[in-house]
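Observations on the model geometry
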Amino acid sequence: MKFSNDAIFNVVFWLLYFLYQWMGLASLYGDYGAYFINACLALPVSLLFSIITIHVFFRKFYQRGRRLAFWMCVITTSVLLLLIRRYFNYYIMYPRYFPIGLHMGLFSFGKLLVEFANLYAISGLYALYYFIRYWYQEKHRVQELLQQKTLSELELLKMQVQPHFVFNTLNNIYGTALKTSAETAQLIAHLSGFLSYNLYDARERTVKLTDELAYIKNYIELQKNRYGSRLDVAVNVFDDVSDISLAPLLLLPLIENCFKHGVAGSVEKSWVRVDVSRQTELFSVTIENSCDNMMKQNEGNGGIGLANVKKRLELLYPDRHELKTIEGENSYLVILKINMESK
C-alpha cells in the first residue's frame, strides 16, 4: 500500500507530538502512566484544531480574502476546544492524577494562557509544512505558466506570416463578394474575425468573455456552413457577463471537441448546445453535443483538447474551478465552472 507524502507527514508529526506530551513530560516528573493519559487527551485537541484551521478555515476563508471570518473561526474553535479540555482535566484528570492542579481553579488565566500558546505553537509548526509546500507549488506553477506562455508566443509567431497581408486580402475578397454573394461575404467576415482573435487577442493574458464568445460564434458559423442543414447549434447567454474576463482560447477546445467527436462522424442530424450563466463571481458554461454510439466506441470523447484545457485550468485557476464530463447514451456534456473572484 502506497502512502502519500501528506499521510506520512501527518503520522510522523502527530506521533512525535504524542511522544513529547508523554515521554518528554514524564521524564521530567517521573509519572509515565499519568502523562500517557494526558498525552491521549492532548493529542485530539491539537490534531483537530490544526486540521480544521489549515485544511478548512485557511482554504475556505483566508485564501479567498475573508481574513476576519478566518480569525473569528480560529479563535472561536480554539476557545471551545480548550474550554472542553480544561473542564475535562479539572473534573476528571486532576482529581485522579494531578490533585495539585485543583488549586489553580477551573478558569485559571495563567493555565488557559499557557494552553492557548501551546495550541497555537503546535498548529503553527503543523502549518509550516503546508506553507512551504504551497510556496514550492506556486513557484513551479509560475514556471509552467511562463513556459506555456513562451510556447504559445512561439506558436503565434509561426502563425503570423504577414498577417496584415492576410487581412487586407480578406477585406478585398469580402468587398468583391458583397457584389456577388452576401452569404459568401458573411463567411469571409466570420473567418476574418476568427483569425484576428487568434493572431492578436489571444496574446493577452485575459480577454473579455464577450470577445471569447464572439470568437466561438465565428467558429460555429464556419462549421454551420460546412455541415449545412444537418447541424443545429444554439448558444445561450442567460446573464450579463460583460464584466467577466478570462484566459483566451480556454473554451474553444471544448467547442472543437463537439464537432470532432460528435458532429463530424455522424451521418444523422447533429446538435450542439452552449449555455453560459453566472452567479455573482461564479461563471458557468455547459457544452453538450450529440454523438453516435459508434463514434464513442471508435474515438471516444475528450482527447488532447480536453486534456489541455484541464492542464490550463490547473495552472490558471487552481482551487477555483470545476470541470466535469458526463457521457450519455447519445450525448456528451461538459460542465465548466470558474470562480472569477481572485484570492
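The name an unreviewed UniProt entry assigns to the protein chain is Sensor histidine kinase, from the organism Mucilaginibacter calamicampi.

What about the overall build of the protein chain?
From N to C terminus, the protein chain includes ten helices and seven strands. Going through the 343 residues of the protein chain one by one, you find that 38% of them count as buried. Long-range contacts, defined here as pairs at least 24 residues apart, represent 70% of the contacts in the protein chain between residues at least 6 apart. Surface summary for the protein chain: the accessible area is close to 20,200 Å², and the carbon and sulfur share equals 60%.

Some words on the sheet that holds strand β6 (residues 321–327)
Backbone hydrogen bonds are what pair the strands of a sheet, in a parallel or an antiparallel way. Overall, mixed pairing links the five strands, which are arranged β2-β4-β5-β7-β6 in an open sheet. For this open sheet the edge positions go to β2 (231–237) and β6, each flanked by a neighbour on one side alone. Adjacent strand axes in the sheet meet at a mean angle of 10°, parallel and antiparallel pairs treated alike. Taken together, the eight bridges between strand β4 (residues 270–279) and strand β5 (residues 282–290) define a ladder with antiparallel strand orientation.

Some points on the side chain of Thr-53
Tracing the sequence through the fold places Thr-53 in helix α2 (residues 32–60). Among the polar contacts made by the side chain of Thr-53, one reaches the main-chain carbonyl oxygen of Phe-49 at a distance of 2.7 Å. Residues in contact with Thr-53, not counting those within four places in the same chain, are Phe-58, Phe-70 and Val-74.

Overview of the UniProt feature "transmembrane region" (unreviewed entry) in the protein chain
UniProt marks residues 7–29, 35–57, 69–88 and 108–132 with the feature "transmembrane region" (unreviewed entry), using the numbering shown here. The span residues 35–57 is 100% helix and 0% strand, and its two end C-alpha atoms sit 31 Å from each other. For residues 69–88, the end-to-end C-alpha separation is 29 Å, with 100% helix and 0% strand making up the annotated structure.

With respect to the packing of aromatic side chains
Under the definition given, this model contains 23 aromatic pairs. Where Trp-14 meets Tyr-126, the ring centres are 5.4 Å apart and the plane angle is 40°; that geometry is what we call tilted. Here the residue Trp-14 occupies a position in helix α1 (residues 5–29), and Tyr-126 occupies one in helix α4 (residues 109–159), the gap between them amounting to 112 residues. Summarising the burial analysis for this pair, Trp-14 and Tyr-126 share the class buried. Centroid distance Tyr-126 to Tyr-130: 5.3 Å. Interplanar angle 55°. Geometry classified as tilted. Of this pair, Tyr-126 and Tyr-130 both sit in helix α4, four residues apart, which is roughly one turn of that helix. Look at Tyr-126 and you get buried, because its relative accessible area is 0%.

Calculation criteria
The residue count restarts for each chain, going from 1 along the sequence in the order it is written. Owing to the predicted nature of the model, reporting of local features is limited to residues with pLDDT of at least 70; listing and counting of side-chain atom pairs is limited to 80 or more, with chain, interface and lining totals taken over all residues. Calculation of side-chain values draws on the structure's entire complement of heavy atoms; hydrogens and water are dropped beforehand. Only DSSP runs of H or I covering at least 4 residues are called helices, and only runs of E covering at least 2 are called strands; the numbering of each starts at the N terminus. Throughout, exposure labels follow a simple rule: accessible area from a 1.4 Å probe, protein chains only, divided by the maximum for the residue type, with under 20% read as buried, over 50% as exposed, and the rest as partly exposed. Contacts: residue pairs with any heavy atoms within 4.5 Å of one another. The accessible surface values rely on the Shrake-Rupley method and a 1.4 Å probe; as for residues, cover is taken only from the protein chains in view. At least two DSSP bridges between two strands are required for those strands to pair. Interaxial angle, 0 to 180 degrees, is taken between N-to-C directions of lines fitted to C-alpha atoms, where a helix line uses only the stretch in contact. Polar contact is defined as a pair of N or O atoms within 3.5 Å, subject to the rule that within protein one atom must be able to donate a hydrogen and the other to accept it, and that residues adjacent in sequence are counted only when both atoms are side-chain atoms. UniProt positions are given in the numbering used here, feature names are shortened, and annotations may be inferred rather than shown by experiment. Any two rings among Phe, Tyr and Trp, with Trp reduced to its six-membered ring, count as a pair given centres within 6.5 Å; such a pair is stacked if its planes are under 30 degrees apart, edge-to-face if over 60, and tilted if neither.

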